[in-house]
Amino acid sequence: MEALSKDLWVLIETGEDGSAKSVGLELLNPGRRLADAQGGALVAVVVGCQTEAAVKEAGAYGADKIIVVDGPEYRHYTTDAYADALYALVNKYGPTTMMIGATNVGRDVGPRLSCRLKTGLTADCTAVDYDEDTGNIAWTRPTFGGNLLATIMCPDHRPQIGTVRPGVFKKGERSQDRQPEIIREEIHITADRIRTRVVEVIRELNAENVNLESAEVIVSGGRGVGGPEGFAPLKELAELLGGVVGASRAAVDSDWIGHVHQVGQTGKTVGPKLYIACGISGAIQHVAGMSGSGTIVAINKDPDAPIFQIADYSVVGDLKLVIPALIKEIKESRK
């Protein structure tokens, strides 16, 4: 379709209680820069049920305009309802660009929407930029198993759509003084058009306590922890530091810890203030998911481990000795 405006849209995902999920608020930060470069407005799109809290947060994090679609049919995500609503909005307002979080929701509705609009979609991006020579968004994503980074553009069709990994960008500065324009659209999807429904929600044990994307401290373990029992001291250290436990793919594939803890290309992309890598070699697939961390501490007995190349602080030693010593020092310093 032809763009009707130079606006950049960010989809703000909502929870069942109508609150905004973190990834959409994160994307408003780079969205601000890209919208200015395009010469358009930064527009937050909120779809959900009882969404006032999400609308308020989208405004506080910098949206110029907020388009709201609210109704009971959007309380639980369904492909049919969300795709229909977003398709109607895009056809009416014609944005140039649309950014969506690379979540379960985004990875489902993004391709459906791009197909209907006959435009391209770049999935699972880790960086976005504006190409001044062409006026296109430059979407960057890992490819070939994470061994290369590809930059992709969509010059011939609009809107340009990309899904961006949670945790890649930090939220911008929050301000309650902003007064965005709020546009409410009455788009209701009849029950006969929604072909699926939520029957039961089964949560992984303790999964609700693992929020890697918003954690400020992550203590991660890899193959070097030696087994599932090796994560016990890492958990103790994480709790002392007010953080959570992460893991490499090797540890997850070995069934030492659940997938909900996985950091990396096939797990979560994170950007904590402090990331402690314990017994992790530093394969590019893992580094792709945590290289945006503020301070990286690596503990590994192999002095040639690739993880040391990106670490701010490196400890060459046996983590089974280093971690207990670190825990002891922290406890004594707090007496």
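For the structure, check the block above.
Let me sum up the structure you'll find in this document.

What counts and how
- Residues numbered from 1 in each chain as written.
- Predicted model: local features only at pLDDT ≥ 70, side-chain atom pairs only at ≥ 80, totals over all residues.
- Heavy atoms only, no water.
- Helix = DSSP H or I, 4+ residues; strand = E, 2+ residues; numbered from the N terminus.
- Rg over C-alpha atoms; globule rule 2.2 N^0.38 Å.
- Buried < 20%, exposed > 50% of the residue type's maximum accessible area, 1.4 Å probe, protein only.
- Contact = heavy atoms within 4.5 Å.
- Areas by Shrake-Rupley, 256 points an atom, 1.4 Å probe, with all protein chains shown as cover.
- Lys, Arg positive; Asp, Glu negative; His and termini not counted.
- Charge placed at Lys NZ, Arg CZ, Asp CG, Glu CD.
- Pairing = 2+ DSSP bridges.
- Axes fitted to C-alpha atoms, helices over the stretch in contact; angles between N-to-C directions.
- Salt bridge = Lys/Arg side-chain N within 4 Å of Asp/Glu carboxyl O.
- Core = buried A, V, L, I, M, F, W, Y, C linked by side-chain atoms within 4.5 Å.

Quick look at the overall build of the protein chain now. Scanning the protein chain from terminus to terminus reveals eight helices and 15 strands. The C-alpha atoms of the protein chain give 21 Å as radius of gyration, which agrees with the globular expectation for 335 residues (20 Å, within 12%). Considering only C-alpha atoms, the protein chain reaches an extent of 60 × 45 × 40 Å along its principal axes. In the protein chain, which comprises 335 residues, the proportion classed as buried is 51%. Here the contacts in the protein chain between residues at least 6 apart in sequence split such that 64% fall between residues at least 24 apart. Only carbon and sulfur atoms are counted for the fraction: they give 50% of the accessible area of the protein chain, which is about 16,000 Å². Treating the 35 positive side-chain charges of the protein chain as one cloud and the 43 negative ones as another, the clouds have centres 2 Å apart.

Here the focus is the sheet that holds strand S13 (residues 274-278). Taken in spatial order, the five strands of this open sheet run S12-S11-S13-S14-S15, and their pairing is parallel. If you trace the sheet from one side to the other, it starts and ends with strand S12 (244-247) and strand S15 (313-316), each paired once. In this sheet, adjacent strand axes meet at a mean angle of 20° when their direction is disregarded. Two strands pair when backbone bridges link them, and strand S14 (residues 295-300) and S15 are joined in this way by four bridges, in the parallel orientation. Bridge pairing links isoleucine 299 to valine 315 in S15. Those strands touched by helix H8 (residues 319-333) are S13, S14 and S15, and its axis lies near 130° from that of S14.

The next subject is the pairing of strand S7 (residues 136-143). Among the eight residues that make up S7, six are buried, leaving the element largely enclosed by the rest of the structure. When strand S6 (residues 127-131) meets S7, the two strands line up antiparallel, connected through five bridges. Bridge pairing links aspartate 129 to alanine 138 in S7. Connecting S6 to the antiparallel partner S7 that follows it, the hairpin turn spans four residues, and glycine 135 within it adopts a positive phi of roughly 75°. Across five bridges, the pairing between S7 and strand S8 (residues 148-152) is antiparallel. Among the inter-strand pairings, arginine 141 is bridged to a residue of S8, identified as alanine 150.

Take the pattern of salt bridges next. For the structure on display, the rule yields 15 salt bridges. One salt bridge in this structure joins arginine 249 and aspartate 253, with 3.2 Å as the shortest N-O distance. Linking arginine 249 with aspartate 253, this pair stays in helix H6 (residues 249-253), spanning four residues, or about one helical turn. The class of arginine 249 is partly exposed, set by a relative accessible area of 48%. The exposure class assigned to aspartate 253 is exposed, which follows from its relative accessible area of 52%. By sharing partners, the salt bridges in this structure join Arg32, Asp36 and Asp64 into a single network.

Right, let's get into the sheet that holds strand S1 (residues 8-12). With parallel pairing, seven strands are arranged side by side in an open sheet as S5-S9-S4-S1-S2-S3-S10. In this open sheet, the two strands that pair with only one neighbour each are strand S5 (121-125) and strand S10 (181-184). For this sheet the average axis-to-axis angle between neighbouring strands, irrespective of direction, equals 20°. Where helix H2 (residues 52-60) meets the sheet, it contacts S1, strand S2 (42-48), strand S3 (65-70) and S10, and its direction lies at approximately 165° from that of S3.

With respect to the element layout, proline 111 can be found in helix H4 (residues 104-117). Between the C-alpha atom of proline 111 and that of isoleucine 161, which follows or precedes it by 50 residues, the distance is 9.1 Å. Filtering out sequence-adjacent residues up to four positions away, proline 111 remains in contact with Gly106 and Leu121.

Judged by nonpolar contacts, the single largest core of 27 residues is most densely connected at Val10, Ile12, Leu28, Ile66, Met99 and Val164. The set of elements that each furnish at least two residues to this core consists of S1, helix H1 (22-38), S2, H2, S3 and S7. Among the elements that line this core, the one with the most residues is H1, at six residues. With 26 residues, the next largest nonpolar core counts Trp9, Ile67, Ala85 and Val90 among its residues.

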